[in-house]
Amino acid sequence: MPGRLRSPAFLTVIRFVSLHLSQAQTQTDEVSEVQFGRLDSNVTLPCGKSLTRTPVTWHLNNSSALPWHQVTSDGSLVLLQVDPSAQGDYSCWDSRGRLLHAVQLRLGHPPGLLNISCQVPSYMHVRCSWVDTVKTFLPSEYTTSLRGKDSKPCIVDAVRKHCDILHPAIWQRLHVLSVTETNGLGSKTSTLYFKLRELLKPDPPESVSVGQIVGFSDRLMVSWNIPSSWPQSDAFQLVFHIRYRPLGSRFWSEFYSMDNPVVISDALAGHLHQVQGRSRDEVNNESQWSDWSPLQLEQPWEGQTDYVSAEPEILEQDMPTFQPKPDTSTARTHLVSVEEEGNLGLVIVLVLLLVVVLATVLSLILVVWFRQRRRDHVSMQEVASVVKMKSVPI
C-alpha cells in the first residue's frame, strides 16, 4: 500500500485534484477584491505574492487568452489601452500551479458634471433630478447638499437619480443645491443655483369635465379638480385658465376663473368643442403656468322641449373677472358678463353726462367773457369821446 501512494500515477492524480481545488478557490477569491481601471488607458494588475524574476502565469476568466498586455519582472500584468472586452476575473499563478492573486477588473470613466434641474409642483415639495453628461459604465453613489438660510435635507434616490425636499423654505430668495457623484475612479461635484418662487409650477387641473346644459344650445359647463399635489388649503389659491374652440377652428376663446365650475355661454351650436385648462398660483406673480390638461370634447345640447328650461345654476354674471398678468398666448381673449356690460353702460352714461356738463360750463364762461369784453370796449369809446369834446375850443 505505501508503494502505491508513492507511484507516479497516484501522484499525478493528487496534483490534478489539487490544481482543480486551487481553481475553485480562485473563483471564491475573485469577488473578494475589485480593481477599477479607466477605459482607453493602461491598467496594471499586481501579482501579489510573486517574487522578482519568478515566472508567473495570468488567466482571464480561467483562460490563458489575454488582451494585449505585458508582464513585468515582478509578475505584474500591464493591460495596454484597455477596452470593455478586457473586463473580467484575473488570476495569477506560479510555476507550480499555486494561486498567488485574484482580482475582478471593472472598467469605465470617472464622473463628469451633472445636468441638474428642479421642479416645484407646490409649496410643500421640491424634486431635483440630474442627468449624467459622461457615461461612466460604473456604479455610482450620490450625495447632496442644499445650502441657504434655512437648509432642508434632499432625500436621495440613487436609482432614479433624483432627490426630494419636503416643506422647503419657499420664501427664501436663493437656494444652492450641490450633487456629488462618486465611483471607483473618483468624484465630481455639480452645483445649481435656483429661485423656488420662479420655479413654482403647479400640475395641471385634474379630472377636467365638460357637460351639456339642457335647454341651451350655446352653453357648456366646465368643472375640474385641484391638482392632488397642491395643498388643499384656502391659504394657497390657484387661478385657472380655461380655453375652448369648435373642433377644426384655429382660434381659441379663453377666460380666467377662481371659481369652479364655470359656464361657456357662447359655444357654437351643433359643433363639437375642444376644452382644456391650466393653473397657476394666484399670489406669486413670478410663478409659472402649469401644462395644459388633456383635451376634452363635448357638443352643446341639441333637442326640442315644450317647456322653458330654468336658468342654470351658474349664469354669465357669475363668470369671474380676474385678470392675471398678460400671457404669451396668441389666442383672442373672451370675457363676457352681463354685470360687466351693465357696469360698462353706466360708465358710458356718466361719461356722456360729464361731457355735457363741461360743455355747458365752458359755454357760459365764453358768453360771460364776450359780454364783459364788449362792455369794456363801449366804455373805452365813451371816455375817448369825452376827452375829444373837452379839447374842442368854445
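Everything numeric in this text was worked out from a predicted model, so none of it was measured.

Quick notes on the overall build of the protein chain
Reasoning step 1: For the protein chain, the helix and strand inventory stands at four helices and 21 strands.
Reasoning step 2: Across the 394 residues that make up the protein chain, the buried fraction comes to 34%.
Reasoning step 3: A total accessible area of about 24500 Å² is found for the protein chain, and carbon and sulfur atoms account for 57% of it.

Some remarks on the packing of aromatic side chains
Two numbers describe a pair of aromatic rings. These are the distance of the centres and the angle of the planes.
Reasoning step 1: A complete count under the given rule lists seven aromatic pairs for this structure.
Reasoning step 2: Between W130 and Y142, the ring centres sit 5.4 Å apart and the planes meet at 45 degrees, which makes this aromatic pair tilted. Note that W130 is positioned in strand β9 (residues 125-132) and Y142 in strand β10 (residues 141-147), a separation of twelve residues in sequence.
Reasoning step 3: A relative accessible area of 3% means that W130 is categorised as buried.
Reasoning step 4: Of the residues examined, Y142 reaches a relative accessible area of 10% and is grouped as buried.

Some remarks on the confidence of the model for the protein chain
Reasoning step 1: Averaged over all residues, the pLDDT of the protein chain is 80; the fraction at 70 or higher stands at 75%.
Reasoning step 2: Within the protein chain, strand β20 (residues 273-281) carries the highest mean pLDDT (95), whereas helix α2 (residues 8-29) carries the lowest (43).
Reasoning step 3: Predicted confidence for residues 1-6 stays below pLDDT 50, and this span has four contacts to residues more than four positions away or in other chains.
Reasoning step 4: Confidence drops under pLDDT 50 across residues 307-339; counting only partners more than four residues distant or on other chains, this segment forms 63 contacts.

Looking at the sheet that holds strand β13 (residues 175-183)
Reasoning step 1: Overall, antiparallel pairing links the three strands, which are arranged β10-β13-β14 in an open sheet. Looking at the sheet topology across the chains shown, the edges are occupied by β10 and β14 (186-194). On average, adjacent strands in this sheet sit at an angle of 15 degrees to one another, irrespective of strand direction.
Reasoning step 2: In the sheet, β10 pairs with β13 via seven bridges, with the strands oriented antiparallel. Looking across to β13, one finds that S145 is bridged to S178.

Focus on the state of the cysteines
Between two cysteines, a covalent bond joining their sulfur atoms is known as a disulfide.
Reasoning step 1: For the structure on display, the rule yields three disulfides.
Reasoning step 2: Bridging C118 to C128, the disulfide has an S-S length of 2.0 Å. Disulfide C118-C128: torsion about the S-S bond near 105 degrees, hence right-handed. Taken together, the residues span a long stretch of sequence, with C118 in strand β8 (residues 114-122) and C128 in strand β9 at a distance of ten residues.
Reasoning step 3: Its relative accessible area of 11% is what places C118 among the buried residues.
Reasoning step 4: Sulfur-sulfur distance for the disulfide between C154 and C163 comes to 1.9 Å. Taking the torsion about the sulfur-sulfur bond, which here is approximately 80 degrees, the covalent link between C154 and C163 counts as right-handed. One exposure class covers both C154 and C163, and it is buried.
Reasoning step 5: Each bonded cysteine of the protein chain gets a number by its place in the sequence, and the pairs then read 1-2, 3-4, 5-6.

Rules used throughout
Sequence order as written defines the numbering, with residues in each chain counted from 1. For a predicted model such as this one, the threshold for reporting local features is a pLDDT of at least 70, and the threshold for listing and counting side-chain atom pairs is 80 or more; totals across whole chains, interfaces and linings nevertheless cover every residue. Side-chain calculation: all heavy atoms of the structure are included, whereas hydrogens and water are not. Each helix is a run of DSSP H or I of at least 4 residues and each strand a run of E of at least 2, with the numbering of both proceeding from the N terminus. Here the term buried applies to any residue with accessible area under 20% of the maximum for its type, exposed to any over 50%, and partly exposed to those in between, with areas from a 1.4 Å probe on protein chains only. Here the accessible surface of atoms and residues is derived via Shrake-Rupley with a 1.4 Å probe, and residues count as covered only by protein chains that are part of the display. By convention, a stacked pair of Phe, Tyr or Trp rings (six-membered ring in the case of Trp) has centres within 6.5 Å and planes under 30 degrees apart, an edge-to-face pair has planes over 60 apart, and any other such pair is tilted. pLDDT measures the predictor's confidence residue by residue and takes values from 0 up to 100. In what follows, residue pairs with any heavy atoms lying within 4.5 Å of each other are defined as contacts. Strands are treated as partners if at least two bridges between them are detected by DSSP. To obtain an axis, a line is fitted to C-alpha atoms, over the contacting stretch when the element is a helix, and the angle between two such axes runs from 0 to 180 degrees between their N-to-C directions. Whenever a pair of cysteine sulfur atoms sits within 2.5 Å, that pair is classed as a disulfide.

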